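# What the coordinates show
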Amino acid sequence: IDDDKDLCFVLKRFLSKHGFEVLEATTGRVALDILDTVEPDLILCDFRLEDMSGSSILKKIKEKNPSVPVIIITGYSNIKTAVEVMKLGAMDYVTKPLLPDEILLTIKKALNRSTEEKPAETREQDPALKEQERLNLISAKRYEPGSYIFGDSLDFKSILNQIDLVAPTNYSIIIYGESGSGKEVIAQEIHKRSRRSNKPFIAIDCGTLSRELAGSELFGHEKGSFTGAIGQKAGSFELANGGTIFLDEIANLPYDVQVSLLRVTQERKMRRVGGTKDIDLDVRIIVASNKKLWDSARTGHFREDLYHRFNEFQINVPPLRERVNDIMVFANHFLQQTNRELGKNVKRFSPEVEDVFKKYVWHGNLRELKNVVKRATLLADSSVIDI
């Protein structure tokens, strides 16, 4: 949403090349009309439109679709603006002129951080859930906001016990697990059960951070600190102050950025790129990796001193193939979610499908299982998903 038609054209062309389906609007009124019929996965919106202020359009967007992540585009970047748009519900903001790598990184980060599922409905409101419970298909404990459940296997019960133990502390934590195994959700659960639960939870995928942008993304930058830095920008650590920051795939973080991160963990202070003033930090750090950081440290790819700073507590998430008893728990949970998304009433999987699910090696773990269930539910032409 931007009244600059040229910018809309360039952004649409750039994002379409990267696999996104893009709709555009040059006024707030047209954008709101589109939102009456379309539920986008993400919105990019200029903070100053000809017919509507950034605050007004953001409020109206959130009234229509409270869960959609919104990234604000502004040419007037400062901390006051950042705080204002965050309070109004924006997930992030970017400053003009837009840098292709930066806007793509911001979009991917926002999509990763946003919860894909709608809030859980009450038992009285959701007949599909009542039917599932009647059939005793789901036995796992639920947690708000209903976007994730924890399995019933001994492995997952052990993880829940570890979360209960470590959440009230300020320990730094390493979460190990394969891609798609639910590491970020475990980090969110730790934050939710901590004394910081009313403060921000900021998640960063270090695998998407380029060497050039990593420092700016994590620590922010001052105006003029590099080409394209036309304004001051708060980094993820600053936005997470008082709360928790989750650094996924930490082993992919560029080595020189690891040096800056070591100072943050040691002194609890940071400095924006190009800045001269230290900023005090009170941030809990949770990191995740699909490979052992100690092995990376021994081969010189990860700083050993930084590893020891993070390694106050470890949680190991087993792959789904090692938790056969959890497979149908999650499959039925994803079936409920997809029923709500599609307005369908598929009740269960056939015994043959359950057998295939339990024998299959889920290389993509929960993410792969969810995608399979979503496709199967969409294609199902009866109340049972058959073989």
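Overview of the structure.

What counts and how
- Residues numbered from 1 in each chain as written.
- Predicted model: local features only at pLDDT ≥ 70, side-chain atom pairs only at ≥ 80, totals over all residues.
- Heavy atoms only, no water.
- Buried < 20%, exposed > 50% of the residue type's maximum accessible area, 1.4 Å probe, protein only.
- Helix = DSSP H or I, 4+ residues; strand = E, 2+ residues; numbered from the N terminus.
- Pairing = 2+ DSSP bridges.
- Right-handed = clockwise from strand over helix to strand, strands pointing away.
- Axes fitted to C-alpha atoms, helices over the stretch in contact; angles between N-to-C directions.

## Description of the pairing of strand 1 (residues 43-46)
By the alternation rule, side chains of strand 1 split into I43 and C45 and L44 and D46, which are all buried. Direction of pairing for strand 1 relative to strand 2 (residues 70-74): parallel, over a ladder of four bridges. By the bridge assignment, D46 is partnered in strand 2 with I73. For the segment spanning strand 1, helix 3 (residues 54-64) and strand 2, crossover handedness is right-handed.

## Remarks on the sheet that holds strand 4 (residues 173-176)
Spatially, the five strands line up as an open sheet ordered 5-6-9-4-10, and their pairing is parallel. At either margin of the open sheet sits one strand with a lone partner, and together these are strand 5 (201-205) and strand 10 (313-316). Taken over all neighbouring pairs, the strand axes of this sheet differ in orientation by 20 degrees on average, direction set aside. One ladder, built from four bridges, connects strand 4 with strand 10; its direction is parallel. Bridge pairing links I173 to F313 in strand 10.

## Description of the environment of D36
As for its placement among the helices and strands, D36 is situated in the loop between helix 2 (28-35) and strand 1. For D36, a relative accessible area of 52% gives the class exposed. Spatially, the C-alpha atom of D36 lies 9.6 Å from that of N65, the residues being 29 residues apart in sequence.

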